[in-house]
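Next come the chains, spelled out residue by residue.
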Amino acid sequence: MGETAEYEITRILDAPRERVFAAWTEPELFSGWFGPRAMTAPVERTRLDVRPDGAWEVTLVGDGGFEVSLGGVYREVAGPGRLVFTTGDPDQPGDGPASVVTVTLDVYGDRTLMRFHQYGVNTPPEHAEQAKAGWIEFFDRLGELVSQ
């Protein structure tokens, strides 16, 4: 295996954790925040089989017909407080980057404290920094969605 990278992002979201968990696990909500602002995640191209060993896949669509699909497998589902899932296959990543993501959601008054941890294999530091910046933009959108 190549390089590894690891980082954490913490957010306080202005919504109860059940709503935040739903935004991670229901395609209609997930498609409303997942991806950069310049792209859409059509709900009909969002598949979330939210159970251990269930697959997830999202196709992001941009200008000019540009598309990119992301996906992995859920390793742990303990709602509404915890999700663990992969991006790619970190156990057999081949030459590409792959990772394990852990999301924990804690009650924080009437809000939610979200901790996002990503551990990547075959992930050089510059790729990890780009991924982290992408997630930060995604979480800006998540915060807007769940606070509505």
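Summary of the structure given here. (Residues numbered from 1 in each chain as written. Predicted model: local features only at pLDDT ≥ 70, side-chain atom pairs only at ≥ 80, totals over all residues. Heavy atoms only, no water.)

Another point: the sheet that holds strand β2 (residues 46-48). Taken in spatial order, the seven strands line up as β1-β7-β6-β5-β4-β3-β2 in an open sheet, and their pairing is antiparallel. The two strands at the open ends of the sheet, each matched to only one other strand, are β1 (4-13) and β2. The sheet shows a mean angle of 20° between the axes of neighbouring strands, taken without regard to direction. Inspection of the sheet shows β1 paired to strand β7 (residues 111-121) by ten bridges, in the antiparallel sense. The residue bridging Arg11 from the neighbouring strand is Met114, located in β7. Here helix α1 (residues 17-25) sits on the sheet and contacts β1, β2, β4 (67-78), β5 (82-87), β6 (98-108) and β7; the angle it forms with β6, its principal contact strand, is near 160°. The strands touched by helix α3 (residues 125-146) within the sheet are β1 and β7, with β1 carrying the most contacts at an inclination of about 20°. (Pairing = 2+ DSSP bridges. Helix = DSSP H or I, 4+ residues; strand = E, 2+ residues; numbered from the N terminus. Axes fitted to C-alpha atoms, helices over the stretch in contact; angles between N-to-C directions. Contact = heavy atoms within 4.5 Å.)

This brings us to the pattern of salt bridges. Applying the stated criterion to the full structure yields eight salt bridges. We note a salt bridge from Glu67 to Arg45, for which the minimum N-O separation is 2.8 Å. Of this pair, Glu67 sits in strand β4 while Arg45 sits in the loop between α2 (27-30) and β2, placing them 22 residues apart in sequence. In this structure Arg45 comes out as partly exposed when scored by relative accessible area, which is 33%. One salt bridge in this structure joins Asp49 and Arg51, with 3.0 Å as the shortest N-O distance. (Salt bridge = Lys/Arg side-chain N within 4 Å of Asp/Glu carboxyl O. Buried < 20%, exposed > 50% of the residue type's maximum accessible area, 1.4 Å probe, protein only.)

Without other data, these values stay purely geometric and don't point to any function.
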